[in-house]
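Structural description and commentary
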Amino acid sequence: MGGKIISKNAGIIGVSDHGGWAVLVTVARDTTLLDRRRVELVDDTLPSLPHHHEGQLLPMDGAVALVERVRASAERHAVLALDAVAAAVPQILGIALRTCPPLPPTIAERITNYRARNLADWVMYRKALAAAAEARGWPIHWYEAKKVLGSASQALHVKNLDAFFLQLRRAIGPPWNKDHKLAMAAAIVTATALSE
């Protein structure tokens with residue numbers, strides 16, 4: 001890492017995102033849990049799925065304007081979310097986000113394309129988090145949700161990842177659900193790759 005001194009508690013943030021919110025789990029390079037939190041990614045006065053739902057009910061210019069307002073809100077909230085993690089874990093080595101499927105280039109095309117409108121809101125939130133991380137100089141690591149749990153099991157050298165997560169949940173208490181597991185798995189895979 002370029003001669004920079006890396007703290008033992010330097011972390012990797014794993015993200016499991018949804019429409020308008022996300023779970024962020026931060027682990028150290030040795031995969032120790034450092035932080036976990038649920039964060040809101042949009043103002044509560046705005047819809048969380050403007051491409052998929054509310055934009056379908058508006059004329060195109062209104063739908064595009066709505067998506068732009070939600071995107072701007074997502075970008076502000078992403079910065080605040082990463083600020084909060086950085087306050088808890090002062091040295092962040094990167095962030096792991098779900099891969100983004102390709103989408104049409106314009107908002108209007110995403111709203112009118114059935115496949116795109118079903119994915120565009122999630123991609124918008126991921127891109128907001130990625131932009132906030134890049135602004136901090138944090139590397140982005142993209143992961144595939146369908147493969148990351150298996151990769152985490154291999155990285156930890158455990159046959160039963162569910163048993164590993166159950167033991168962790170017993171140690172730390174709730175909340176601990178499938179989003180925490182996915183986010184932690186992504187962080188573990190990234191942390192292990194950085195340690196090699």
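Anything mentioned here points back to the structure above.
Below or above, wherever it landed, is the structure these notes cover. Since the structure is predicted, the reported quantities are computational estimates derived from the model, not experimental observations.

**Observations concerning the overall build of the chain**
Each helix and strand counted, the chain has seven helices and five strands in total. Helices and strands in the chain line up, N terminus first, as β-β-β-α-β-α-α-α-β-α-α-α. Against the compact-globule benchmark of 16 Å for 196 residues, the chain has a radius of gyration of 17 Å, which places it among compact chains. With the C-alpha coordinates aligned to their principal axes, the bounding extent of the chain is approximately 50 × 35 × 30 Å. Put simply, the chain has 196 residues, and 46% of those count as buried. Partitioning the intrachain contacts of the chain with sequence separation of at least 6 by distance along the chain shows that 68% fall at a separation of at least 24. Carbon together with sulfur atoms contributes 55% to the accessible area of the chain, which is approximately 10000 Å² in total. The positive charge centre, built from 23 side chains, and the negative charge centre, built from 18, are 7 Å apart in the chain.

**Comments concerning the side chain of arginine 110**
Within the element layout of this structure, arginine 110 appears in helix H2 (residues 107-112). Put simply, arginine 110 is tucked away with no salt bridge, and the nearest opposite charge, on glutamate 68, sits 6.3 Å away. Here arginine 110 is in contact with His51, Leu103, Pro104, Pro105, Ala116, Arg117 and Ala120, once residues within four sequence places are set aside.

**What about the sheet that holds strand E5 (residues 140-143)?**
Read across the sheet, five strands follow the order E3-E2-E1-E4-E5 without closing on themselves; strand pairing throughout is mixed. Sheet topology places strand E3 (33-40) and E5 at the edges, where each strand pairs with a single neighbour. The average angle at which neighbouring strand axes cross in this sheet is 20°, direction not considered. In terms of strand pairing, strand E4 (residues 92-98) meets E5 through four bridges, oriented parallel. Looking across to E5, one finds that alanine 96 is bridged to histidine 141. The strands touched by helix H4 (residues 120-135) are strand E1 (11-17), E4 and E5; relative to E4, the strand with the most contacts, the crossing angle is about 170°. Along the sheet face, helix H7 (residues 178-195) touches E1, strand E2 (21-28), E3, E4 and E5 and points at about 40° away from the line of E2.

**Thoughts on the packing of aromatic side chains**
For the structure shown, the criterion picks out two aromatic pairs. For the ring pair phenylalanine 165 and tryptophan 176, a centre distance of 5.9 Å and an interplane angle of 55° mean the geometry is tilted. With phenylalanine 165 in helix H6 (residues 161-172) and tryptophan 176 in the loop between H6 and H7, this pair connects stretches of sequence that are 11 residues apart. A relative accessible area of 8% means that tryptophan 176 is categorised as buried. Its end group placed over the ring of tryptophan 21, arginine 38 keeps NZ or CZ at 4.0 Å from the ring centre.

Definitions and cut-offs
- Residues numbered from 1 in each chain as written.
- Predicted model: local features only at pLDDT ≥ 70, side-chain atom pairs only at ≥ 80, totals over all residues.
- Heavy atoms only, no water.
- Helix = DSSP H or I, 4+ residues; strand = E, 2+ residues; numbered from the N terminus.
- Rg over C-alpha atoms; globule rule 2.2 N^0.38 Å.
- Buried < 20%, exposed > 50% of the residue type's maximum accessible area, 1.4 Å probe, protein only.
- Contact = heavy atoms within 4.5 Å.
- Areas by Shrake-Rupley, 256 points an atom, 1.4 Å probe, with all protein chains shown as cover.
- Lys, Arg positive; Asp, Glu negative; His and termini not counted.
- Charge placed at Lys NZ, Arg CZ, Asp CG, Glu CD.
- Salt bridge = Lys/Arg side-chain N within 4 Å of Asp/Glu carboxyl O.
- Pairing = 2+ DSSP bridges.
- Axes fitted to C-alpha atoms, helices over the stretch in contact; angles between N-to-C directions.
- Phe/Tyr/Trp six-rings, centres within 6.5 Å; stacked < 30°, edge-to-face > 60°.
- Lys NZ or Arg CZ within 6 Å of the ring centre and 35° of its normal.

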